[in-house]
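Understanding the architecture of this molecule
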Amino acid sequence: MTGRQRVALIAHDQKKDDLVAFAKAHEPFLSDAAIVATGTTGGRVAEACPSLDVKRLKSGPLGGDQQIGALIAEGAVDLIIFFVDPLTPMPHDLDVKALMRLAIVYDIPMALNAATAEALLLHAEAGLTAR
Ligand SMILES: O=C(CO)COP(=O)(O)O
């Protein structure tokens, strides 16, 4: 993949600390990327990592997952890091499922937990195409 990577960052509430730590650990790579994030996640990441270019969308339960889904459909996302909380029921579970479905439809690399996110960014940082 060439050019500036377009990375979507999303985390459920119980996973936000983990995603912030992940973003800090990968700040050099992410500071070269154009980042979109759901509202609260984006605020947390931008606060912790001032060097990052983070575009904040709506909060997840208010449509943020659907906005990211729309960006996927438009071909505007190269990589998705989504730290999912599998233990808490969500009012917007259908939106989360729809986002994941579109990532599969368009074959966009998507990490749903920290271990996969590490692997995906190692790959991207090595300059390898992620797909
Ligand atoms: O709910 C989310 C993803 O489903 C995340 O939304 P926030 O980043 O606004 O908390």
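This one's a predicted model, so the numbers in the text were calculated from it and none came from an experiment.

Residues spaced three or four apart along an α-helix face the same direction, because each turn holds 3.6 residues. Buried residues of helix H4 (residues 64–73): Gly64, Asp65, Ile68, Gly69, Leu71 and Ile72, and no others. The buried residues of H4 occupy an angular sector of 160° when the element is viewed end-on, so they sit on one face. Count one or two residues on from H4 and you reach glycine 75, which has phi positive near 80°.

This part takes up the UniProt feature "binding site: substrate" (unreviewed entry) in the protein chain. Those places that UniProt annotates as "binding site: substrate" (unreviewed entry) correspond, in this numbering, to His12, Lys16, Thr38, Gly39, Thr40, Thr41, Ser59, Gly60 and His92. Here histidine 12 shows up in the loop between strand E1 (6–11) and helix H1 (16–25). The exposure class assigned to histidine 12 is buried, which follows from the 21 C-beta atoms found within 10 Å. When neighbours within four sequence positions are excluded, histidine 12 is seen to be in contact with Phe83, Val84, Asp85 and Thr88. You can call histidine 92 partly exposed: it has 17 C-beta atoms within 10 Å.

Taken together, Ile10, His12, Thr38, Gly39, Thr40, Thr41, Ser59, Gly60, Pro61, Gly64, Asp65 and Val96 form the complete shell of residues around the ligand. Looking at the shell around the ligand, the elements with two or more residues in it are helix H3 (39–48) and H4. Tallying contributions element by element places H3 first for the shell around the ligand, with 3 residues. Split into classes, the residues belonging to the shell around the ligand amount to 3 nonpolar, 8 polar and 1 charged.

Between its terminal C-alpha atoms helix H6 (residues 114–125) stretches 16 Å, which fits the 16 Å expected from 12 residues at 1.5 Å a residue. Looking at H6, one finds that the buried residues are Ala117, Leu121 and Ala124. Burial along H6 is one-sided: seen end-on, the buried residues are contained in an arc of 55°. Of the residues in H6, the exposed ones pointing more than 90 degrees away from the buried face are Ala115, Ala119 and Leu122. At the exit of H6 stands glycine 127, carrying a positive phi of roughly 80°.

Of note, alanine 73 is situated in helix H4. Measuring from C-alpha to C-alpha, the distance between alanine 73 and tyrosine 106 comes to 7.2 Å, with 33 residues separating the pair along the chain. Residues contacting alanine 73, with those up to four places away along its chain left out, are Leu102 and Tyr106.

What follows concerns the confidence of the model for the protein chain. Across the protein chain, the average pLDDT comes to 95, with 95% of residues at 70 or higher. Interface confidence in the predicted complex, given as ipTM, is 0.98; pTM for the same model is 0.95.

Counting buried positions along strand E4 (residues 79–83) gives 5 out of 5 residues, so the element sits mostly inside the fold. The two faces of E4 match: Leu79, Ile81 and Phe83 on one face and Ile80 and Phe82 on the other face are all buried. Examined bridge by bridge, E1 and E4 share 5 bridges and lie parallel to one another. Across the sheet, isoleucine 10 pairs through a bridge with phenylalanine 82, a residue of E4. Here E4 pairs with strand E5 (residues 110–111) via 2 bridges, running parallel. Looking at the pairing, isoleucine 80 lines up with methionine 110 of E5. Read from E4 through helix H5 (residues 93–105) to E5, the crossover connection turns out right-handed.

Reading the values: the criteria
Residues numbered from 1 in each chain as written. Predicted model: local features only at pLDDT ≥ 70, side-chain atom pairs only at ≥ 80, totals over all residues. Buried ≥ 20, exposed ≤ 12 C-beta atoms within 10 Å, placed from the backbone. Helix = DSSP H or I, 4+ residues; strand = E, 2+ residues; numbered from the N terminus. Arc of directions from axis to C-beta. UniProt positions renumbered as here; feature names shortened; annotations may be inferred. Contact = placed C-beta atoms within 7 Å. Near = placed C-beta within 6 Å. Nonpolar A, V, L, I, M, F, W, Y, C, P; charged D, E, K, R; others polar. Expected span 1.5 Å × (residues − 1). pLDDT = per-residue confidence, 0-100. Pairing = 2+ DSSP bridges. Right-handed = clockwise from strand over helix to strand, strands pointing away.

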